[in-house]
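Descriptive analysis of the structure
The lines below spell out each chain.
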Amino acid sequence: AAFFNGTRASRAVKRRDQQACIGRNNNRLLCLCSAGVAIQYRNWQQAVIIAPDTGLLISPFDGAGSTGAIEEGRLIRIIKRHDSYALINDENGRSGWVPDSSFAFIAMIMADNKKPL
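The following refers to the structure shown.

Rules of the game
- The numbers attached to residues start from 1 for each chain and follow its sequence in the written order.
- Where local features are concerned, this predicted model is filtered to residues with pLDDT of at least 70; where side-chain atom pairs are given and counted, the filter is 80 or more; whole-chain, interface and lining totals use all residues.
- Note that water and hydrogens are dropped before the side-chain values are worked out from all heavy atoms of the structure.
- Elements are defined by DSSP. Helices are runs of H or I of four residues or more, strands are runs of E of two residues or more, and each kind is numbered from the N terminus.
- Definition of a polar contact: a pair of N or O atoms within 3.5 Å, with one able to donate and the other able to accept a hydrogen when the atoms are protein atoms, and with sequence-neighbouring residues admitted only if both atoms are side-chain atoms.
- Contact between two residues is taken to exist if any of their heavy atoms lie within 4.5 Å; hydrogens are not considered.
- We define the nonpolar core as a collection of buried residues of types Ala, Val, Leu, Ile, Met, Phe, Trp, Tyr and Cys that are connected through side-chain atoms lying within 4.5 Å of one another.
- For the exposure calls, accessible area comes from a 1.4 Å probe over protein chains only, and a residue counts as buried if that area is under 20% of its type's maximum, exposed if over 50%, partly exposed in between.

**With respect to the side chain of Thr54**
Topologically, Thr54 is positioned in strand S2 (residues 54–57). There is a polar contact of 3.0 Å between the side chain of Thr54 and the backbone oxygen of Ala51. The contacts of Thr54, once residues within four sequence positions are left out, are Ile49, Gly68, Ala69, Ile70, Val98, Pro99 and Ser102.

Structure representation (structure tokens):
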């Protein structure tokens, strides 16, 4: 087929440029979504101490020694879990193991407090 003043060629180039632009926009969207997911995941790891004077244990076992206490209402971040214990960091940078029964995840508290419209 003959090219009439480059019309077919210019349409092909235009189509290729549009597809490349769509690809770049999809990559940007993917990056933004990934950042949002990472932030949300971080929020899911936040909890609050609900038991008064919870001991910060040195290991995740019954009878483990304590390095101090953490007060009820303190914001914590869950680092990892072992059986019925969680390794946590508090707002002041202290860390230790606490029983699962001594904290509640913030996302769960927020979901429980939602009222139907």
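**Brief notes about the nonpolar core**
Of all hydrophobic cores here, the largest spans 11 residues; its members are Ala47, Ile49, Leu56, Ile70, Ile76, Ile78, Ala86, Ile88, Val98, Phe103 and Phe105. Taken together, the elements giving at least two residues each to this core come down to strand S1 (46–49), strand S4 (75–82), strand S5 (85–90) and strand S7 (103–105).

**So, unusual backbone geometry**
Unusually for a residue other than glycine, Asp53 sits at a positive phi of about 45 degrees. In this structure, Asp53 sits in the loop between S1 and S2. One non-glycine residue, Asp83, lies in the positive phi region at around 50 degrees.

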